[in-house]
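The chain contents come next:
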Amino acid sequence: MHGRGRTLAVLVLVLSLGTGCGGGGGNRGGSCSNSCTSSGATQCSGLQIQTCGTDSSGCLAWSAATACPGTLSCNQSRNACTDHQVTISWAANREAGVNSAGGGYKVAISAQPVIDVPYASGATTPTTTIAHLPSGSYSVTVKAYAALDAQGGTSGTSSAASQSVPITVP
Amino acid sequence: MNIRPILLGVLLLIVPASSLAAPLPSLSALASGGQHVPGEVLVRFAEGTTARARSAALSSRGHSLVATLGSSGWTQVRLRAGQSVEAAMAAYRNDAAVLQVQPNFLYQATTAPNDPHYGQQWGLKNTGQTITDALTQPGGTALFYTTANPGTAGDDLNLEKAWGHITDCSGAVVAVVDSGVNYTHQDLAANMWNGGAQYPKHGYNFVDGNDDPMDLNGHGTHVAGTIGAVGNNATGVSGVCWRATIMAVRVLDSGGTGSTAQIIQGITFAVEHGAKVINMSLGGGGSFDPAYSNAITAAQSADVLVVVAAGNDGKDNDGTTATYPCNFTQPNLLCVAALDQSFGLASFSNFGATSVDVGAPGTNILSTWTGTEVPPFHDSLNSGWSGSTTTGGGWDYGMPGGNACIVDPSGYPSGGYNQNTDDRAYKTFSASGLDVLTLDVLFAADIADGDHLSAACSASGGDPFAGGVLLGRVTNVATYPNLTSLSIDITPCESSTMSIGFQITSGNSSARGAAVCGLGLKGLAVDQASYNTIDGTSMATPATSGVAAMIRAYNPRYTAVDTLTAIELAGRPLTALTGKTTTGNAVDAMSSLAYIHPPTGVTVSVQ
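Computed from a predicted model, the values in this text were never measured in an experiment. (Residues numbered from 1 in each chain as written. Chains lettered and ligands numbered in written order. Predicted model: local features only at pLDDT ≥ 70, side-chain atom pairs only at ≥ 80, totals over all residues.)

## So, the overall build of chain A
The number of helices and strands found in chain A is 1 helix and 14 strands. When the 170 residues of chain A are sorted by exposure, 29% land in the buried category. Sequence separation of 24 or more characterises 51% of the internal contacts of chain A that already satisfy a separation of 6 or more. (Helix = DSSP H or I, 4+ residues; strand = E, 2+ residues; numbered from the N terminus. Buried ≥ 20, exposed ≤ 12 C-beta atoms within 10 Å, placed from the backbone. Contact = placed C-beta atoms within 7 Å.)

So, in structure tokens, the structure goes:
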């Protein structure tokens, strides 16, 4: 990895020397005023994205903003088209079976795989989970489960779903 | 007091050693249709199928051998990942080398206690047995609740499966707010609340204002036994909980009566001393009682579940006359109807689509009893009575209405007692060795205002109005021709030479007079080994309290409302309760134990 990075740096230097231009932003008397510094870099413009590239003057400049592909949107903190981190929390159930081996929660987000939050250790099962969701509208429900079933066996029992919580991911 | 005594007397448990059953582990399929081991089936190959052929049959389906089950021909097979048991079974069905294929069903040991009379406790385990235990009572015919005896197997609290997971409910203190508890009983002593030095007798007595809540009636001890008679101790009966912590709170006297003041003191005591469940198998009709309601609300604030009886009038509590505490509406209050042995609503049980919540076993319920009841003695009222008068009239034997009575005046109901008289009649009786002695009197009285009919007793005998105990007096009454019954605790007068008497005193007035046409004595001797079979919503209530204690002990973080909800929503639906209770459900211990509340408080944040 380190070797390839050095090679790219050298290549950029050679291109600059070849054009006689510092790159991007306009050629002023044979020197470029670059509006961005690294070809291929991206930044957000609202929910859209811009890419750093060589303009018609041979200088580095941000492209026009374009929409992210599909349901992705531009993440301001990452300057990239991504889904969004969604944190889901709920109140702890008080059943012993939910908070012991074989127990836990299942988080259902519409059109997404169910997230299992099993008991791991300690007094209670975690009551928070994180999902990454592309833009869109969703509903979230949580069920609790335990190993004990209503016949006295260990095939498991699940609660009814919690009230559905709607969310919109920008 | 919501009790229908079906046998007055004592259930003597004479148990031959040979009848002490061993523990009864049994195997039962977990469900019809069956729970089974996921990813496995059992395959029975035709006789003569070689090991190599069996292996090939398995591998061709992507399966592997787990075990060959002896010489039975059955092979335990592990399926390929993701394949359902149903699909795997289908894959073998057309194979000529395969005789049978089935799921690898799951079974579990169910748990039954070894208490010798467990077999008569249909509410805990209904096998369709006929309840006969009380027929061992001396002195007469037992009057059982005859409907649905025997009943229907399986119509019970579904406890044996629950006992596979918890039998010790001692983590949840249950207060029995009742006539007290016989804390010395062989099936209860080990399960009583430890009140420390302040309450060495496991509770408090708000009838007499002392620290001894001994049961002098039987009702509270019966209730306590249903909740937590020591289970699996090869003695007597089992409670819903084999191990329990029972707090005895006496608010009803030996006649089964208590006041608002006594009851709210009892509730307060239970709340302040750590009860998680309060059982109140008592009730009364009519008016809303705000002090009583406030006590229930205080229990709610302290996170205490209060389980109460629907009542035994066979009426709709939602109708014109409410029954309290059942009709209180606090969210920590659970009201229970009585079910018979086929899970029909018992004929005497109250109901209410908005007031009564669930049903539980309440007929022919065998449980602990506080002691031996002496069969009633009835006086003939035609001999042995002494008398005195200050005016020459006085008491005499008579036959008003054809019944033997003692009467004043002698021509009763004609004429009248003398003015300015003091007429006394008394008789000597013998009673000893009893903890409670009750006088039952049947009388008619027409007494002028200011004149008095009195009753008294004396431990030393003779004229009880000369230094004895005044039991009661009435004035300005006119009951003739109706007879009135009265039960009076005369324990202070108990002796081998005790006397009981009646007196009319008058001023310048007169009236028809009085006739005592029935006089009976009955006694109770507290012991450690009595049992009794009775019915009532009073009996259904502790069955539910026991399950509540079990659920709270199993789920220590549960609130009172969590517990109530688990009992209500995880109950067994019954047609008999549909439209007659808020849930339509019978209490089901195992289902309630497995119940899981839907999560709450879901929040979502998007970064």
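So much for the structure itself; the text now carries on.
## Comments concerning the overall build of chain B
Counting its secondary structure elements, chain B contains 9 helices and 30 strands. Based on the C-alpha atoms only, the size of chain B along its principal axes is roughly 115 × 65 × 45 Å. Going through the 607 residues of chain B one by one, you find that 52% of them count as buried. Considering only contacts in chain B between residues 6 or more positions apart, those separated by 24 or more positions represent 79%.

## Examining the environment of A:Asn93
Following the sequence through the fold, A:Asn93 ends up in the loop between β8 (84–89) and β9 (104–109). Setting aside residues no more than four positions away along its own chain, A:Asn93 makes contact with A:Val98, A:Ala144, B:Ile596, B:His597 and B:Pro599.

## As for helix α5 (residues 260–272) of chain B
Residue and element names in this part refer to chain B. Taking 1.5 Å as the rise per residue, α5 with 13 residues should run 18 Å; its terminal C-alpha atoms sit 18 Å apart, in good agreement. The secondary structure elements touched by the buried residues of α5 are β7 (174–178), β8 (203–205), β9 (246–250), β10 (277–280) and α6 (290–301). Where α5 terminates, the next one or two residues include Gly274, which has phi positive at roughly 95°. (Expected span 1.5 Å × (residues − 1).)

## A short note on the sheet that holds strand β22 (residues 452–458) of chain B
Residues and elements named next belong to chain B. Read across the sheet, 5 strands follow the order β17-β20-β26-β22-β23 without closing on themselves; strand pairing throughout is antiparallel. The outermost strands of the open sheet, each flanked by one partner alone, are β17 (386–388) and β23 (469–474). Across the sheet, the axes of successive neighbouring strands diverge by a mean angle of 15°, strand direction being ignored. Sheet analysis places strand β20 (residues 422–429) next to strand β26 (residues 498–505), joined by 8 bridges and oriented antiparallel. Residue pairing across strands places Phe429 opposite Met498, the latter belonging to β26. (Pairing = 2+ DSSP bridges. Axes fitted to C-alpha atoms, helices over the stretch in contact; angles between N-to-C directions.)

## Some words on the sheet that holds β9(B)
Strand pairing in a sheet takes place through backbone hydrogen bonds and is either antiparallel or parallel in direction. Residue and element names in this part refer to chain B. Here 9 strands make up an open sheet; going across it, the order is β8-β9-β7-β10-β12-β14-β15-β29-β28 and the pairing mixed. Each edge of the open sheet is held by one strand with a lone partner, namely β8 and β28 (572–573). Of the pairings in the sheet, the one linking strand β12 (residues 305–309) to strand β14 (residues 333–339) comprises 4 bridges and is parallel in character. For Val306, the partnering residue across the bridge sits in β14 and is Leu333.

## Re the pairing of β22(B)
Residue and element names in this part refer to chain B. In terms of residue burial, β22 counts as a mostly covered element, since 5 of its 7 residues are buried. Direction of pairing for β22 relative to β26: antiparallel, over a ladder of 7 bridges. Bridge assignment links Ser454 to a residue of β26, and that residue is Gln503. Pairing of β22 with β23 involves 5 bridges; the strand directions are antiparallel.

## Description of the interface of chain B and chain A
At the interface, 30 residues of chain B touch 37 residues of chain A. Looking at the side of chain B that touches chain A, the elements that each hand over two or more residues are α3 (159–163), α9 (589–594) and β30 (603–606) of chain B. Of the residues assigned to the side of chain B that touches chain A, the class counts are 15 nonpolar, 12 polar and 3 charged. Taken together, the 4 bridges between β8(A) and β30(B) define a ladder with antiparallel strand orientation. Following the sheet pairing, A:Thr87 is matched in β30(B) by B:Ser605. (Nonpolar A, V, L, I, M, F, W, Y, C, P; charged D, E, K, R; others polar.)

## Here we look at the packing of helix α4 (residues 219–228) of chain B against helix α7 (residues 537–554) of chain B
Residue and element names in this part refer to chain B. One way to put it is that α4 packs onto α7 with a least axis distance of 8 Å and a crossing angle of 35°. The crossing of α4 and α7 is right-handed. In contact with His219, Val223, Thr226, Ile227 and Gly228 of α4, α7 contributes Ser538, Met539, Pro542, Ala543, Ser545, Gly546 and Ala549. Considering only residue class, the contact of α4 with α7 consists of 6 nonpolar, 6 polar and no charged. (Left-handed = near helix turned anticlockwise from the far one by under 90°.)

## Some details on the domain arrangement of chain B
It is common to report an interface's size as the accessible area lost on association of the parts. Domain parsing of chain B yields domain 1 (28–108), domain 2 (118–139 + 166–364 + 535–593) and domain 3 (377–526). The C-alpha-based centres of domain 1 of chain B and domain 2 of chain B are spaced at 49 Å. (Domains from an automatic or database assignment.)

## Some details on unusual backbone geometry
With glycine set apart, most residues show a phi of negative sign, and most peptide bonds adopt trans. All names here are of chain B. In this structure, the amide linkage connecting Tyr412 to the following residue, Pro413, adopts the cis form with an omega of 15°. Within the element layout of this structure, Pro413 appears in the loop between β19 (405–408) and β20. Here the bond from Tyr480 into Pro481 is cis, since omega is 5°, no more than 30 degrees from zero. Located in the positive-phi region is Asn364, a residue other than glycine, with phi close to 50°. Following the sequence through the fold, Asn364 ends up in the loop between β15 (358–361) and β16 (365–378).

## Some details on α4(B)
Residues and elements named next belong to chain B. Counting buried residues along α4, 10 of its 10 residues qualify, which places the element largely inside the surrounding structure. Those residues of α4 lying buried are His219, Gly220, Thr221, His222, Val223, Ala224, Gly225, Thr226, Ile227 and Gly228. On the buried face of α4, the contacting elements are β7, β9, β10, β16, β27 (513–534) and α7.

## Description of the nonpolar core
Residues and elements named next belong to chain B. Membership of the largest hydrophobic core comes to 126 residues, with the highest contact counts inside it found for Val174, Val176, Ile246, Met247, Ile278, Ala549 and Met550. With 10 residues, α7 is the largest single contributor of residues to this core. When neighbours within four sequence positions are excluded, Ala549 is seen to be in contact with Cys169, Ala172, Val174, Ile227, Cys241, Ala244 and Val277. Within the second largest apolar cluster, 43 residues are counted, among which are Met214, Leu381, Phe465 and Ile500. (Core = buried A, V, L, I, M, F, W, Y, C linked by C-beta atoms within 7 Å.)

## Topic: the confidence of the model for chain A
Where the model shows low pLDDT, its predicted coordinates should not be examined in detail. Residue and element names in this part refer to chain A. On average, residues of chain A score 82 in pLDDT, and 82% of them are at 70 or above. The spread of mean pLDDT over the elements of chain A runs between helix α1 (residues 2–19), the lowest at 35, and β9, the highest at 96. Counting interchain partners and residues more than four positions distant, the pLDDT-below-50 stretch residues 1–25 has 33 contacts. (pLDDT = per-residue confidence, 0-100.)

## Regarding the environment of B:Gly398
Residues and elements named next belong to chain B. Residue position: Gly398 is located in strand β18 (residues 396–398). Accessibility expressed as a C-beta count within 10 Å gives 22 for Gly398, which makes it buried. Taking the C-alpha atoms as reference points, Gly398 and Ala234, 164 residues apart in sequence, are found 55 Å from one another. Not counting residues within four places of it along the chain, the set of residues in contact with Gly398 comprises Cys405, Val407, Ser410, Tyr412 and Ala515.

## A closer look at the packing of α5(B) against α6(B)
Residues and elements named next belong to chain B. Put simply, α5 and α6 touch, their axes get as near as 9 Å, and they point 5° apart. Here α5 lies roughly parallel to α6, going by the angle between them. Contact with α5, carried on its side by Thr260, Ile263, Ile264, Ile267, Thr268 and Val271, involves Ala291, Tyr292, Ala295, Ala298 and Ala299 of α6 and no other residues of that element. Here the residues of the contact of α5 with α6 are counted per class, giving 9 nonpolar, 2 polar and no charged. (Parallel < 35°, antiparallel > 145°, perpendicular 65-115°, else oblique.)

## Focus on the confidence of the model for chain B
Residue and element names in this part refer to chain B. For chain B, per-residue confidence averages 89 on the pLDDT scale, and 91% of positions sit at 70 or higher. Confidence drops under a pLDDT of 50 for residues 1–34, and excluding neighbours within four residues, the segment shows 95 contacts in the predicted structure. For residues 135–141, every residue scores under 50 in pLDDT, and the model assigns this stretch 15 contacts once sequence neighbours within four places are set aside. The complex model carries a pTM of 0.76, and its ipTM stands at 0.74.

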